[in-house]
Amino acid sequence: TTLTTTATTTIDSTTRQCLKILIDILDNVTGETHVVEAMAMKKGTTAYLTTYAEMYSAAALANFTADVSGGALRIRATPASANSTTFNFVRTSLT
């Protein structure tokens, strides 16, 4: 996913109970990078999120939240700038 906004955007979702993703973020204008792992789970309509193993070359390129919408657990990103920012991720989800 490539964004050019600071609006909060869903970067991954699942109908499963939990989700773990490794996120690699690149600011296509400055070349700065940011890598973080995130784990989320849901209980009913409440989502829980933790981020860890976070590294970045200068500053964090995004903040992350989780929510439940329509029964789907979503991990959402809010980019730190409106620069063209690419989010690549690898997902692990369990039933």
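Because the structure is a prediction, the values reported are computed rather than measured.

S.K.: Report on the environment of Thr86, specifying residues and quantitative values.
M.R.: Checked against the element boundaries, Thr86 lands in strand E8 (residues 85-94). A residue is classified by how much of its surface remains accessible, and Thr86, at 15% relative accessible area, is buried. Each C-alpha atom, one on Thr86 and one on Thr2, is 4.2 Å from the other, the two residues being 84 residues apart in sequence. Those residues within four positions of Thr86 in sequence are excluded, and the remaining contacts are Thr1, Thr2, Asp24, Ile25, Leu26 and Asn28. A distance of 2.8 Å separates polar atoms of two side chains, one belonging to Thr86 and the other to Asn28.

S.K.: Provide a residue-level description of the confidence of the model for the protein chain, including the pertinent values.
M.R.: Averaged over the protein chain, the pLDDT score is 95; the fraction of residues at 70 or greater is 99%. Mean pLDDT across the secondary structure elements of the protein chain bottoms out at E8, with 90, and peaks at strand E6 (residues 62-69), with 98.

S.K.: Describe the sheet that holds strand E5 (residues 46-56), listing the residues and the values that go with them.
M.R.: Within the open sheet, the five strands sit side by side as E1-E8-E3-E4-E5. Their pairing is antiparallel. Taken across any chain shown, the strands that pair with only one partner, and hence form the sheet edges, are strand E1 (2-3) and E5. Two elements, strand E3 (residues 18-27) and E8, share ten bridges in a ladder whose sense is antiparallel. The residue of E8 that forms the bridge with Leu19 is Ser93.

Analysis parameters
- One numbering rule holds for all chains: residues counted from 1, following each sequence as written.
- Totals for whole chains, interfaces and linings use all residues, but because this is a predicted model, local features are given only for residues with pLDDT of at least 70 and pairs of side-chain atoms are given and counted only at 80 or more.
- The basis for every side-chain value is the complete set of non-hydrogen atoms in the structure, without hydrogens or water.
- Secondary structure counts use DSSP, requiring at least four H or I residues in a row for a helix and at least two E residues in a row for a strand, with both numbered from the N terminus.
- Relative accessibility decides the category of a residue: with a 1.4 Å probe and only protein chains considered, values under 20% of the type maximum give buried, values over 50% give exposed, and everything between is partly exposed.
- A contact between two residues is defined here by any heavy atoms of the two lying within 4.5 Å.
- Two N or O atoms count as a polar contact when they lie within 3.5 Å, although within protein this holds only if one can serve as hydrogen donor and the other as acceptor, and sequence-adjacent residues are included solely when both atoms are side-chain atoms.
- The quantity called pLDDT is the predictor's confidence in a given residue, expressed from 0 to 100.
- In short, DSSP must find at least two bridges between two strands for them to pair.

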